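Spelled out, the chains give:
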Amino acid sequence: MSERPSQSLPRLLVLCTGGTIAGTGESRLALEDYNAGVIDGKQLLAALPDASCVADLEVEQLANIDSADMSHRLWLQLLRRIDAAFHQDPGLSGVVITHGTNTLEETAYWLHLALGHARPVVLVGAMRPSTALSADGPLNLLQALQVAVHPQAVGRGVLVVMDGEIHGAREVTKVACSGVAAFRSPGHGRLGTVDGDGVRFTRTPSHRHTTDSGLVVDWSSFAAMPDPECWPLVEILYGYVQPSTRLIEALIDAGVDALVFAGTGAGQLSCFERLALERKCLAQGRCQEVPLLVRTSRTGRGRVPARSDDELLGLLPAEDLSPQKARVLVLLALLQGADRQRLADLLLTH
């Protein structure tokens, strides 16, 4: 890759949050036993001299954590920082976020819904720590930078770049706990690829996002956003053979704001779960007064259609959103005061 004058390069903001891409192990063969979030972003870029040929980079370290420890507070911090950067710097080409892979897809979807800007935001991580033999982080990061400055990345929403593939935030999910090819977009497919020949996009996202999202958090409304410790309580319940109803009952009694069911098959609830909901509906008088209830599927692929008795129990189908993505949408919708009908519309279109 040949050198170009720095003044001709696009400018990117790189926000670093830790993860495996910034992790270290005791040996080059330590692929599973390592510490995430050890080295900082400037060290990551210093070990990647090729990056200076792609863009002029401003690097900020927002956190250095294992992404299993990602929090609502850090989500809000990321959203505020990116929003401010785009408002204050019209010449900024885009933002790249280094992130652990365990919850990368949830952070991506949060920004995909809440961020009202067309300029590219690209999340990237690694499946092997920086000290590993054949570490995948450096190439993933370089390719994320390449995607973030590509003109065709504009307007496609928040993107995820892993293993030479470009994925949309709504569809992408981690499908394996090891190996570099751990991310897929089931039922939709990747948005494009990036390799030695450059960046190629082959499709556009199918649902509303960013500048077209109905859930954008306005620049002027950040001050009104409640403290993350006071955000709505949205929990996920997993379906299996003869599930206990105690969790449903305890969560409703505790005042949970919404429940997302990771149901079997096409988001099916068992007779045990349905009976528990019926009892709660009778106790409350009508289902609309119990928490918002959303049906998703534990299968990982396919659409969850409406059922004839959904309305009776106050259940809303989540189309093909994964349980964790449905939770993100419900949480953001509740933060903005959405009622049941509004949430039903959002689940169909976002």
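Residues numbered from 1 in each chain as written. Predicted model: local features only at pLDDT ≥ 70, side-chain atom pairs only at ≥ 80, totals over all residues. Heavy atoms only, no water.

> Just to check I follow, could you spell out the overall build of the protein chain for this structure?
Across its full length, the protein chain holds 9 helices and 14 strands. Whereas a compact globule of 350 residues would reach a radius of gyration of roughly 20 Å, the protein chain reaches 21 Å, a difference of no more than 12%. Its C-alpha atoms give the protein chain principal-axis dimensions of roughly 70 × 45 × 35 Å. The proportion of buried residues among the 350 residues of the protein chain is 53%. (Helix = DSSP H or I, 4+ residues; strand = E, 2+ residues; numbered from the N terminus. Rg over C-alpha atoms; globule rule 2.2 N^0.38 Å. Buried < 20%, exposed > 50% of the residue type's maximum accessible area, 1.4 Å probe, protein only.)

> Even after reading the chapter, I still don't get the sheet that holds strand β4 (residues 121-124), so can you show me in this structure?
Either a parallel or an antiparallel arrangement is found when strands of a sheet pair, and the pairing is made through backbone hydrogen bonds. Here we have 8 strands laid out as an open sheet, ordered β2-β1-β3-β4-β5-β6-β9-β10, and mixed in their pairing. The open sheet has two edge strands with one neighbour each: β2 (56-65) and β10 (198-201). Within this sheet the neighbouring strands show an average axis-to-axis angle of 20°, counted without direction. Pairing geometry for strand β9 (residues 192-195) and β10, over 4 bridges, is antiparallel. (Pairing = 2+ DSSP bridges. Axes fitted to C-alpha atoms, helices over the stretch in contact; angles between N-to-C directions.)

> Would you explain the packing of aromatic side chains in this entry?
Aromatic rings in a pair are described by how distant their centres are and how their planes are angled relative to each other. Applying the stated criterion to the full structure yields 2 aromatic pairs. Look at W75 and W110: their rings are 5.2 Å apart centre to centre, the planes differ by 15°, and that puts the pair in the stacked class. Placement of W75 in helix α2 (residues 72-88) and of W110 in helix α3 (residues 104-114) is noted, with a sequence separation of 35 residues between them. Judged by relative accessible area, W75 falls into the buried class, the value being 4%. The exposure class assigned to W110 is buried, which follows from its relative accessible area of 0%. The structure contains a cluster of three or more aromatic residues connected by ring pairs, namely W75, W110 and W231. Directly above the aromatic system of Y109 lies the positively charged group of K325, at a separation of 5.8 Å from the ring centroid. (Phe/Tyr/Trp six-rings, centres within 6.5 Å; stacked < 30°, edge-to-face > 60°. Lys NZ or Arg CZ within 6 Å of the ring centre and 35° of its normal.)

> Any chance you could explain helix α8 (residues 323-335) here in plain terms?
One full turn of an α-helix is made of 3.6 residues, so residues set three or four places apart face in the same direction. With 13 residues, α8 extends 18 Å from end C-alpha to end C-alpha; this agrees with the ideal 18 Å at 1.5 Å per step. For α8, the tally of buried residues reaches 12 of 13 residues, placing the bulk of the element in the interior. On its buried face, α8 sits against α2, α3, β11 (234-238), β12 (258-263), β13 (292-297) and α9 (340-349). (Expected span 1.5 Å × (residues − 1). Contact = heavy atoms within 4.5 Å.)

> Just checking my understanding: could you explain the sheet that holds strand β14 (residues 315-317) for this structure?
Read across the sheet, 4 strands follow the order β11-β12-β13-β14 without closing on themselves; strand pairing throughout is parallel. Unpaired on one side and paired on the other, β11 and β14 mark the two borders of the sheet. The average angle at which neighbouring strand axes cross in this sheet is 30°, direction not considered. Note that β13 and β14 share 3 bridges and pair parallel. Paired with V294 across the two strands is L316, which belongs to β14. Along the sheet, helix α5 (residues 246-253) makes contact with β11 and β12, crossing β11 at roughly 170°.

> How do you make sense of the pattern of salt bridges when you look at a structure like this?
Two side chains bearing opposite charge may form a pair once their charged atoms approach each other closely. Overall, the coordinates contain 15 salt bridges when judged by the stated rule. The closest approach of N and O atoms between R81 and E60, which form a salt bridge, is 2.7 Å. With a gap of 21 residues between them, R81 in helix α2 and E60 in strand β2 connect regions that are remote in the sequence. Owing to a relative accessible area of 22%, R81 belongs among the partly exposed residues under this scheme. With relative accessibility at 19%, the residue E60 sits in the buried group. Here R303 makes a salt bridge to E319, at a shortest N to O gap of 3.0 Å. Placement of R303 in the loop between β13 and α7 (310-313) and of E319 in the loop between β14 and α8 is noted, with a sequence separation of 16 residues between them. Several salt bridges converge on common partners, so that one network encompasses R73, D227 and E229. (Salt bridge = Lys/Arg side-chain N within 4 Å of Asp/Glu carboxyl O.)

> I tried to follow empty space enclosed by the protein on my own but got confused; where do I start?
Counted by the stated rule, this structure contains 1 cavity of 30 Å³ or more. By volume, the largest cavity is sized at about 30 Å³. What lines the largest cavity is simply L115, H117, A118, R119, P120, V121, G157, V158 and T210. Here the residues of the lining of the largest cavity are counted per class, giving 5 nonpolar, 3 polar and 1 charged. (1 Å grid on protein atoms, 1.4 Å probe; cavity = no way out; pocket = protein on both sides within 12 Å on 5 of 7 lines; lining within 4 Å. Points joined across faces, edges and corners; volume = space filled by probe spheres on them. Nonpolar A, V, L, I, M, F, W, Y, C, P; charged D, E, K, R; others polar.)

> Whenever I open this one, the environment of A181 confuses me. Can you help?
Relative to the assigned elements, A181 resides in the loop between β7 (173-174) and β8 (183-184). Overall, the relative accessible area of 35% leaves A181 in the partly exposed class. Residues A181 and D163, 18 residues apart in the sequence, show an inter-C-alpha distance of 6.0 Å.

> Mind showing me how you'd approach the packing of α3 against α8 here?
A pair of packed helices is characterised by two quantities: the angle between their axes and the separation of those axes. One way to put it is that α3 packs onto α8 with a least axis distance of 9 Å and a crossing angle of 40°. Judged by the twist between their axes, the crossing of α3 over α8 is right-handed. Touching E105, E106, Y109, W110, L113 and A114 of α3 are Q324, K325, V328, L329, L332 and L335, all from α8. Tallied by class, the residues present in the contact of α3 with α8 amount to 8 nonpolar, 1 polar and 3 charged. (Left-handed = near helix turned anticlockwise from the far one by under 90°.)

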